[in-house]
Every structure is written in C-alpha cells, then in structure tokens.
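Single-letter residue listing:
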Amino acid sequence: MPRAVVTGGAGFLGSHLAEALVGGGYEVVVVDDFSTGRRENLAGLADDPRCTVVEHDVSWGLPVSGPVDAVCHLASPASPPAYLARPLETLAVGSEGTRHALALAHAHGARFLLASTSEIYGDPLVHPQPEDYLGNVSSIGPRSVYDEAKRFAEAITMAYHRTFGLDTKIVRIFNTYGPRMAPGDGRVVTNFIEQALAGSPLTVYGDGTQTRSFCWVDDEVRGLVALLHSDWTGPMNIGNPAEFTVRELAELVREAAGVDVPITFAPLPQDDPTRRRPDITRAGAVLGWRPEVPLREGVERLVAWYRAGRPAPARLPDR
Ligand code: NAD
Ligand code: UDP
C-alpha cells in the first residue's frame, strides 16, 4: 500500500485530500499543528487504521518514520484574517515548512505536491491568469506574508527539482469552498452563508465589483489527486474559471439561503486583488481535468450542509 504524508491534513482541503487518498488505496499520515485545522475534520477517518495523525508544527521539522511515497504539503494559514493574524508563522511554514517537506520527499524519493495559490499572481495585470504569467505582487504589503511565502515555496520546490531531480508538482489553487471550512475563518463564501443564516447583513468589502472564481472542493481535490499522479513537474492552475463579482456572490447566497437580509459595505482590505480567474488550459490538456459543479449548486450544497447543523460558533484564529 503506498504511503502519503499530508501536511495540513486536519484543515479544510487537507482533510478532503486525506479521504480521497485513503479511498484511492493509500495509507495516509496527517501532520498538523491544529492552528486552523480541527480533529473533527478527520472524523470520517478516525477509526481507520490507514490514517494516522501526528500533531506537529512542520516549520520545525517533519517527524515521520517509515516509508513515504508521496508528500502533499498543504500546511499554511489560508484565509486572509488567519494569515494576517499569524504573519511570522505564515512566512515560516511557507519557507522552513516547505524545506522540511521537500527534504522528507527527497530522503524517500517520493513525489512532492505543493499547495500554492492564485495569490502568487497578486493583483493580476493579465486576465485570465495562465501559469506563465509572473504576477503583480507587493513584497511589503500586509498580504505579502502569504503571497511571498508561497512564491518562495514554489522557488525552493523548483530548486529541489533542478538540483536533485525530485518529482515535484505545484498546484496553484484558486478560491475553493465547501464543507469543513473553519467557521469564522473570514473567507467570503462562508462569511456570507454564516451571515445569511444568522439573519445578519452580508458584509461586502469595497463596492463589490472585485471578482473571484470559486471552485467546489470535490472538483479541486480531484484535480490535486490527478496532478499528484501525473508526470507534470511545474505549476498548474486548478480552479473554476467561472468568474463572479463579490456583489453577485452576495446575491447568489441570499437566493440560495432564501433569506432577504440586506447587503452592507465595508472598506476594501489593502492590496485586495481586483480580479482573479484561472486559465485552466494546461489542466485540461495534461490531466483532462475540468470542474463540474457550478457556483449556484455548490452554494446550495453548502447552505444545506450548514442547515444540517454542522458549524460551531464563529471564532477568529488564535495568535
Ligand atoms: P485550512 O486553514 O483549513 O488548512 C490549513 C491546515 O494547515 C490547518 O489544518 C492548519 O492547522 C495547518 N497548519 C498551518 N500551519 C501549520 C504548521 N506550521 N504546521 C502544521 N500544520 C499547520 O486552509 P485550507 O483552505 O484547507 O488550505 C490548505 C492549503 O491550500 C494551504 O496551503 C493554502 O494556502 C492552500 N490554498 C487554499 C485555497 C482555498 O481556497 N481553500 C486557495 C489557495 C491555496
Ligand atoms: N470579502 C467580502 N466580504 C467578506 C469577506 C471577503 O467582500 O465578508 C471579499 C474580499 O475583500 C475579497 C473577496 O471577498 O475581495 C474574496 O475574499 P476571501 O477572503 O474569500 O479570499 P481572497 O481575498 O484570498 O481571494
């Protein structure tokens, strides 16, 4: 049975990836410090001997013994409030954490998958964004702790590939949503749904004309698994190219939740990208991948998941 290490495996995407890998015949070792992730995200694997959990901060090393066939490095704060609250930890996990994950893969001759982000394109001057677009990123603004950490992570990943011939893959994930996003973690889809279900106004930042392209979690994870098993070594966008303004998303959430709450406007965060849409030509050509779940259907599914009683009270990330 192949054995995969998933850093950040107790988080939103990591827990879905861990389940997909176990379902695909892997034994999985989750390494997570539970800074934004939760044990309950792995409840579906709790009694499964094919999944073990190691509580550890990967910025300080990766204490995994035994064989390793794949390392999927997802550990990092991901929502803007989470990484803005933990700027130094975010830089550490993107740099030192990635180095430890690469060293583990190198020691075992394992495949390596880095969870990178559309944020490496910054506030893009090319639209939609293909993988060869180099980005428009502030190296000193508040978001730089995340953007530059991920850019460094990509650089060290390619350096391991060039230096040691490590089998590396870099997935540039565009805004992904679905069950198990941490309640109160501040990302827009869950903020709007939590507000709508509480009967509160939806907080649109800025005038709501900025755009994002939202991918349902199962589509995203299917792309991650396909990329892990491919021969591709560089970056690949995995995201849903259907682009919406934040204002359109607010309307859609109100309709999906069937509530008539007002929309209020709050200041736009500094360096908030004005638009974002993946060019997924490469993922289609190399992996035969494309997303299947439209935003309206995904939001309806997520509203139903919330109504089924899942979320705990909102909380902000601890520092
Ligand atoms: P998440 O916060 O739910 O998961 C991140 C996980 O990493 C959590 O379980 C957290 O406890 C863990 N973690 C953080 N720092 C750690 C450390 N130093 N050591 C060990 N574990 C640590 O976020 P997510 O949305 O699931 O994001 C997962 C990955 O995907 C991140 O690398 C993120 O940058 C990337 N990504 C996500 C999105 C998205 O839309 N969800 C978009 C782009 C990139
Ligand atoms: N946003 C918003 N209201 C919220 C949360 C976010 O209008 O309650 C906006 C945010 O300013 C950004 C977009 O929604 O323009 C996506 O934000 P998110 O934090 O989900 O992801 P990211 O900025 O990393 O794409």
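Residues numbered from 1 in each chain as written. Chains lettered and ligands numbered in written order. Predicted model: local features only at pLDDT ≥ 70, side-chain atom pairs only at ≥ 80, totals over all residues. Heavy atoms only, no water.

A. The environment of P291, seen in detail. Within the fold, P291 resides in the loop between α8 (281-287) and α9 (295-307). Classification of P291 as buried rests on a relative accessible area of 14%. For P291 and E220, which are 71 residues apart along the polypeptide, the C-alpha to C-alpha distance reads 7.5 Å. Once residues lying within four places of it in the same chain are set aside, the contact partners of P291 are D219, R222, G239, N240, P241 and I280. (Helix = DSSP H or I, 4+ residues; strand = E, 2+ residues; numbered from the N terminus. Buried < 20%, exposed > 50% of the residue type's maximum accessible area, 1.4 Å probe, protein only. Contact = heavy atoms within 4.5 Å.)

B. View of the pattern of salt bridges. Under the criterion given, the structure shown has 20 salt bridges. A salt bridge links R143 to E119; the nearest nitrogen and oxygen atoms lie 2.7 Å apart. Of this pair, R143 sits in the loop between β5 (111-117) and α4 (144-164) while E119 sits in the loop between β5 and α4, and the two are 24 residues apart along the sequence. Judged by relative accessible area, which is 4%, E119 ranks as buried. Residue R276 is joined to E119 by a salt bridge in which the shortest nitrogen-to-oxygen separation is 2.2 Å. Placement of R276 in the loop between β13 (263-266) and α8 and of E119 in the loop between β5 and α4 is noted, with a sequence separation of 157 residues between them. Take R276 and E119: they sit in the same class, and that class is buried. Taken together, the salt bridges that share partners define one network made up of E119, R143, R212, D272 and R276. (Salt bridge = Lys/Arg side-chain N within 4 Å of Asp/Glu carboxyl O.)

C. Main features of the site of ligand 1. Neighbouring ligand 1 are 30 residues, the closest being L13, D32, T36, Y146 and T176. Separating an oxygen atom of ligand 1 from a side-chain N or O atom of T36 is a distance of 2.6 Å. Separating an oxygen atom of ligand 1 from a side-chain N or O atom of R187 is a distance of 2.9 Å. Of all the secondary structure elements, the ones that give two or more residues to the shell around ligand 1 are α1 (12-23), β5 and α4. (Near = heavy atom within 4 Å. Polar contact = N/O pair within 3.5 Å; in protein donor to acceptor, adjacent residues only side chain to side chain.)

D. Representation of the sheet that holds strand β4 (residues 70-73) within the structure. Reading across from one edge, β3-β2-β1-β4-β5-β6-β11 is the order of the seven strands in this open sheet, with parallel pairing throughout. Two strands in the sheet have a free side with no partner beyond their single neighbour: β3 (51-55) and β11 (235-238). Shown here is a sheet whose adjacent strand axes are inclined to one another by a mean of 20°, direction ignored. Pairing analysis gives four bridges linking β4 to β5, with the strands arranged parallel. By the bridge assignment for β5, A70 is matched with R111. (Pairing = 2+ DSSP bridges. Axes fitted to C-alpha atoms, helices over the stretch in contact; angles between N-to-C directions.)

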